[in-house]
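Commentary on secondary and tertiary structure
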There are 2 protein chains.
Amino acid sequence: MASGKPASGEDSLIARYFRPLATDPGAFRLDDDAAALKPDGSDIVVTTDAIVEGVHYLPGDPPGTIARKALRVNLSDLAAKGATPAGFVLTLALRTVDDDWLKPFAQALGEDAASFNCPLLGGDTVSTPGPAMISITAFGRVPRGKMVHRVGARPGDRVVVTGTIGDAALGLDILKGGAAAAALAGDAAAREMLTGRYRVPQPRNALATAVRDHAHAAMDVSDGLAGDLAKLCAASGVSAVIDTPSVPLSPAAARLVAQGATNLETLISGGDDYEILCAIPEARFEAFEQAARRAGVAVTSIGTIIAGAATPSFLDARGKELVLTRRSFSHF
Amino acid sequence: MASGKPASGEDSLIARYFRPLATDPGAFRLDDDAAALKPDGSDIVVTTDAIVEGVHYLPGDPPGTIARKALRVNLSDLAAKGATPAGFVLTLALRTVDDDWLKPFAQALGEDAASFNCPLLGGDTVSTPGPAMISITAFGRVPRGKMVHRVGARPGDRVVVTGTIGDAALGLDILKGGAAAAALAGDAAAREMLTGRYRVPQPRNALATAVRDHAHAAMDVSDGLAGDLAKLCAASGVSAVIDTPSVPLSPAAARLVAQGATNLETLISGGDDYEILCAIPEARFEAFEQAARRAGVAVTSIGTIIAGAATPSFLDARGKELVLTRRSFSHF
């Protein structure tokens, strides 16, 4: 204590693991009680998402993938709102300070913070007798009034999703030893791809500007495509018709559907996709597709927004409506 | 589902309890995935603090006091940084949806949000198999570059605290049936005052402007005065000498010290005070005191910042240094 530095466990934990991530001047090296976001005339978009051990990730998941997931579920919201990442604050609730866990956690978090240009601004570490929980509040910037909302989809808009749908639900099924695990027993690469999609989402921040420029409405798909589309439609006061065979699947997911190890209903109501769902006016679709190609993000038109208040319909190849018993994941 | 509204438990929970609190237009009625903070040229101060059941509050505490504590520990940080509250986002991790708990929780949170002019902007509700946790990220505004830091205290500055110190530590002791409970067995009013100080902090937001106008450095006292002063001094590269008998105590705390049911060491190293600790230059002290009087907040000068890197000294009435075995609360 001769240095005048208080040597509490919490302070040394922050200094050792998290100070190197606090590269933004507004983080004040994590030496203060608060951070500062400087105004630059843009609106600041704020989103907050927490992940809980045993709920959003599995107790044995590698610390690095937990860190990436905690940040990326928030980055995904920023992307869907058309916002450019500006930074985040972290609340970490842990049972104990375990260096073997914290070191790879902080390192992966730092790598993602750097690659998504979203620096750590501050945080809080607390002890908990229960499961670990990582709560992140992330900030992004959009030109004034340009945040993309759930409200705004109009009849005639195309319903568009990025990437592929259902992989993360299959990955979780594999990690839990479900039907997908058995069906892919001989294919380690496919198993790894799918579990990777559950553990480490690929947020579509590269597409944020295109979403802002072209989408009438957008949100990220986190609780299942069917349920999240219903939310977007409800907020916009519209409905939608989806051509379910158009929903983009990874080759592994398509194979599992063909084998009967899963079905489309499961994939479109599973969670953790972290893809962008948006409503693009027909006249802008070509420009949006081109922008997506330049950004290196696959986009697929899967249906159309229609007038009405009905829950969106998912039609099969013969135009018959699928009956969805569960549209999305809900915590309660 | 005919309305087109997805009826998940999580959505109806948010709609029922938290939408009424989302009065700011930037909250978009909690219908979106993110909130927007509008620029007004000021810096946005960001702070985040979580409270965990069984760690920061007791499992049987009334839901209303838990809500107030969760928000107020963050408001206290904003006050110490000289910031005016602008809003907050809430992450609520719960085992179950219990209306008898959520209703008074949301109501008290709404009352505090209104009275501190700090509206709910957004949030996340997640299920947890473990203890409940409430994580809040709060936002405040300060004129550009005017956030008050831990860094900045200079030799000769007065060390000043608001309110009284140690009440919350005694309140916790009472709730746990400790020595203070026995000593105050016949004094329900004193017990209630002290437990109230533990359960519901009184953040000094009324003093924020005065802190911004006059303090060289400031922080809130949350982990114990002795440890927090050591942090402020370490950040500023200075030391301090404190006249321990000057540390302001409530009449109940003073009585417990006189009776030997507690001692000054315990009070200055206890946590949960949520008072402001600041370094005020001698030439500004009178103006600061006057501003505090106008704001209705008691302030007390308890010592002096000195040069050096030694841990701050707490002297007794005879000028002898107290030996502090534990200066503050640490989670790990």
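All figures in this text were calculated on a predicted structure; none of them were measured in a lab.

Along the backbone of chain A there are 11 helices and 11 strands. Relative to the globule expectation of 20 Å for 332 residues, the C-alpha radius of gyration of chain A, 21 Å, shows essentially globular dimensions. In terms of its C-alpha atoms, chain A occupies a principal-axis envelope of roughly 80 × 50 × 35 Å. Burial statistics for chain A: of 332 residues in total, 60% are counted as buried. Counting contacts in chain A only where the partners sit at least 6 residues apart, residues at least 24 apart contribute 85% of the total. Total accessible area computed for chain A in this model is approximately 12000 Å², and 52% of it derives from carbon and sulfur atoms. Both charge centroids of chain A, one from 32 positive and one from 37 negative side chains, sit 3 Å from each other.

Mapping chain A onto chain B is achieved by rotating through 180° and translating by 0.0 Å along the same axis, at an RMSD of 0.0 Å. On this basis, the relationship between the two copies can be described by a two-fold rotation axis. Distance from the rotation axis, computed per C-alpha, reaches its smallest value in chain A at Gly130 of chain A: 2.3 Å. Most of the interface of chain A is mirrored in chain B: 100% of its interface residues are interface residues there too.

With that settled, consider the interface of chain A and chain B. With 77 residues of chain A at the interface, the matching set in chain B holds 77 residues. Across the chain A to chain B interface the summed buried area is about 5900 Å²; carbon plus sulfur atoms make up 59%. The interface formed by chain A and chain B includes eight salt bridges. Between Asp33 of chain A and Lys81 of chain B there is a salt bridge; the shortest N-O distance is 2.9 Å. At the junction of chain A and chain B, the tally comes to 25 residue pairs in polar contact (both at pLDDT 80 or more). Mapped by element, the contributors of at least two residues to the side of chain A that touches chain B are helix 1 (9–18), strand 1 (35–37), strand 2 (43–52), strand 3 (84–94), strand 4 (120–127), strand 5 (133–142), strand 7 (217–221) and helix 8 (225–236) of chain A. In terms of residue class, the side of chain A that touches chain B is built from 35 nonpolar, 23 polar and 19 charged.

Residue and element names in this part refer to chain B. By the burial criterion, the buried members of helix 4 (residues 167–175) are Asp167, Ala168, Leu170, Gly171 and Ile174. Down the axis of helix 4, the buried set is contained in an arc of 160°. They therefore lie on one face. Contact partners of the buried residues in helix 4: helix 5 (179–183), helix 6 (188–199), helix 9 (251–259) and helix 10 (264–269). Immediately beyond the C-terminal end of helix 4, within one or two residues, lies Gly177, with a positive phi of roughly 75°.

Moving on, we come to the packing of helix 4 of chain B against helix 6 of chain B. Residue and element names in this part refer to chain B. Direction vectors running N to C along helix 4 and helix 6 enclose 110°, while the axes themselves pass 7 Å from each other. When the axis of helix 4 is compared with that of helix 6, the two are roughly perpendicular. Taking contact as the criterion, the partners of Asp167, Ala168, Leu170, Gly171, Leu172, Ile174 and Leu175 in helix 4 are, on helix 6, Arg191, Met193, Leu194, Thr195, Arg197, Tyr198 and Arg199. Residue classes in the contact of helix 4 with helix 6 are distributed as eight nonpolar, two polar and four charged.

Moving on, we come to the pattern of salt bridges. A complete count under the given rule lists 42 salt bridges over all chains for this structure. Close ionic contact of Lys69 of chain B with Asp272 of chain B constitutes a salt bridge, the shortest N to O distance being 3.3 Å. Placement of the pair is Lys69 of chain B in helix 2 (residues 63–80) and Asp272 of chain B in the loop between helix 10 and strand 9 (275–280), with a sequence separation of 203 residues. Residues Asp167 of chain B and Arg197 of chain B are paired through a salt bridge, measuring 3.2 Å at the closest nitrogen-oxygen approach. Residue Asp167 of chain B is located in helix 4, and its partner Arg197 of chain B is located in helix 6; the two are separated by 30 residues in the primary sequence. For the pair formed by Asp167 of chain B and Arg197 of chain B, the shared burial category is buried. Shared partners join several salt bridges into a network, and the residues in it are Asp32 and Asp33 of chain A together with Lys81 and Arg150 of chain B.

Once that is clear, we can look at the sheet that holds strand 6 (residues 158–162) of chain B. Residue and element names in this part refer to chain B. Reading across from one edge, 7-9-6-10-8-11 is the order of the six strands in this open sheet, with mixed pairing throughout. Bordering the open sheet on either side are strand 7 (217–221) and strand 11 (313–315), each of which pairs with just one other strand. This sheet shows a mean twist of 25° between the axes of neighbouring strands, independent of strand direction. Taken strand by strand, helix 8 (residues 225–236) contacts strand 6, strand 7, strand 8 (239–243), strand 9, strand 10 (299–306) and strand 11, and its axis lies near 155° from that of strand 7.

In total, this model carries two cavities of 30 Å³ or more according to the counting rule given. If you go around the largest cavity, the residues you meet are Thr128, Gly130, Pro131 and Met133 of chain A together with Val52, Thr128, Pro131 and Met133 of chain B. In this structure, the second largest cavity is lined by Leu37, Lys38, Pro39, Ser42 and Ile44 of chain A together with Pro39, Ser42 and Ile44 of chain B. Grouping the amino acids of the lining of the second largest cavity by side-chain chemistry returns five nonpolar, two polar and one charged.

Turning our eyes to something else, we now look at helix 11 (residues 282–295) of chain B. All names here are of chain B. The first and last C-alpha atoms of helix 11 sit 20 Å apart over 14 residues, in line with the 20 Å expected at 1.5 Å per residue. Residues Phe285, Phe288, Ala291 and Ala292 constitute the buried set of helix 11. Where helix 11 is buried, its residues touch strand 6, helix 7 (208–214), strand 9 and strand 10. One or two residues past the end of helix 11 sits Gly296, with phi positive at roughly 75°.

Quick notes on the rules
- Residues numbered from 1 in each chain as written.
- Chains lettered and ligands numbered in written order.
- Predicted model: local features only at pLDDT ≥ 70, side-chain atom pairs only at ≥ 80, totals over all residues.
- Heavy atoms only, no water.
- Helix = DSSP H or I, 4+ residues; strand = E, 2+ residues; numbered from the N terminus.
- Rg over C-alpha atoms; globule rule 2.2 N^0.38 Å.
- Buried < 20%, exposed > 50% of the residue type's maximum accessible area, 1.4 Å probe, protein only.
- Contact = heavy atoms within 4.5 Å.
- Areas by Shrake-Rupley, 256 points an atom, 1.4 Å probe, with all protein chains shown as cover.
- Lys, Arg positive; Asp, Glu negative; His and termini not counted.
- Charge placed at Lys NZ, Arg CZ, Asp CG, Glu CD.
- Least-squares fit on C-alpha atoms with pLDDT ≥ 70 in both.
- Buried area = accessible area lost by both parts, 1.4 Å probe.
- Salt bridge = Lys/Arg side-chain N within 4 Å of Asp/Glu carboxyl O.
- Polar contact = N/O pair within 3.5 Å; in protein donor to acceptor, adjacent residues only side chain to side chain.
- Nonpolar A, V, L, I, M, F, W, Y, C, P; charged D, E, K, R; others polar.
- Arc of directions from axis to C-beta.
- Axes fitted to C-alpha atoms, helices over the stretch in contact; angles between N-to-C directions.
- Parallel < 35°, antiparallel > 145°, perpendicular 65-115°, else oblique.
- Pairing = 2+ DSSP bridges.
- 1 Å grid on protein atoms, 1.4 Å probe; cavity = no way out; pocket = protein on both sides within 12 Å on 5 of 7 lines; lining within 4 Å.
- Points joined across faces, edges and corners; volume = space filled by probe spheres on them.
- Expected span 1.5 Å × (residues − 1).

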